[in-house]
Amino acid sequence: MNRSGRSRAVVVAVVAAWIVAMVLPPAALSLWRAERLAELSTPEVQSEWDTFREAMRQESGTDGPVQRKVPKSDEPPELVWLRDFFWLAVAAWIALVGVLGGFVAILVVGVSGGTRPSATSRG
């Protein structure tokens, strides 16, 4: 394989890795989210959350080294995050991996001898 073939193979491998890094974690998180939302939507979980909030309410007025605050949410925070803010997390992942991954891809292609103009195109 000549130098141009190796460079092309590196570019293809780097782009494929970048795409996998952008798609695979959000897809896996989406599958996990569906399972976890079903678990968090049960009355037992809501009851545990209500019990926890009540315990915090009772401890909030006591003297001690730590002053506790009663959580304001009527629902468990994980449920709220997965239901209401999941797509924000996915968008942040894609933006950050897109920019950082693109930068690393450019560095890897450049260090590996990447694509250079041929002698005939220099004119």
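Our structure's up above, just so we're on the same page.
Heads up: these notes are all about the structure in this document.

## Concerning the overall build of the protein chain
- Within the protein chain, the regular secondary structure consists of four helices and zero strands.
- For the protein chain, the α and β elements follow one another from N to C terminus as α-α-α-α.
- Counting across all 123 residues of the protein chain, residues that qualify as buried make up 20%.
- Surface accessibility of the protein chain: about 9100 Å² in total, with carbon and sulfur atoms responsible for 67%.

## Regarding the side chain of Arg33
- The residue Arg33 is located in helix H1 (residues 3-40) in this model.
- Once residues within four sequence positions are removed from consideration, Arg33 is found in contact with Leu82, Arg83 and Phe86.

## Some remarks on helix H2 (residues 43-59)
- The end-to-end C-alpha distance of H2, which contains 17 residues, comes to 24 Å, matching closely the 24 Å that a straight helix rising 1.5 Å per residue would cover.
- Those residues of H2 lying buried are Trp49, Arg53 and Met56. Angularly, the buried residues of H2 cover 60 degrees about the axis, an arc narrow enough to put them on a single face. Every exposed residue of H2 that faces more than 90 degrees away from the buried side is listed here: Pro43, Glu44, Glu48, Thr51 and Gln58.
- Turning to H2, the residues buried within the fold contact helix H3 (77-84).

## Considering the pattern of salt bridges
- Under the defined criterion, the tally for this structure stands at six salt bridges.
- Notably, a salt bridge pairs Asp74 with Arg53, separated by 3.2 Å at the nearest N-O pair. Placement of the pair is Asp74 in the loop between H2 and H3 and Arg53 in helix H2, with a sequence separation of 21 residues.
- We classify Asp74 as exposed; its relative accessible area is 55%.
- One network of salt bridges, in which partners are shared, links Arg36, Glu39 and Glu78.

## Examining the packing of aromatic side chains
- Here the structure, examined in full by the defined rule, presents two aromatic pairs.
- For the pair Phe86 and Trp87, a centre-to-centre distance of 4.8 Å together with 75 degrees between the ring planes defines the contact as edge-to-face.
- Phe86 sits in the buried class, given a relative accessible area of 0%.
- For Trp87, a relative accessible area of 56% puts it in the exposed group.

Cut-offs used in this document
- Residues numbered from 1 in each chain as written.
- Predicted model: local features only at pLDDT ≥ 70, side-chain atom pairs only at ≥ 80, totals over all residues.
- Heavy atoms only, no water.
- Helix = DSSP H or I, 4+ residues; strand = E, 2+ residues; numbered from the N terminus.
- Buried < 20%, exposed > 50% of the residue type's maximum accessible area, 1.4 Å probe, protein only.
- Areas by Shrake-Rupley, 256 points an atom, 1.4 Å probe, with all protein chains shown as cover.
- Contact = heavy atoms within 4.5 Å.
- Expected span 1.5 Å × (residues − 1).
- Arc of directions from axis to C-beta.
- Salt bridge = Lys/Arg side-chain N within 4 Å of Asp/Glu carboxyl O.
- Phe/Tyr/Trp six-rings, centres within 6.5 Å; stacked < 30°, edge-to-face > 60°.

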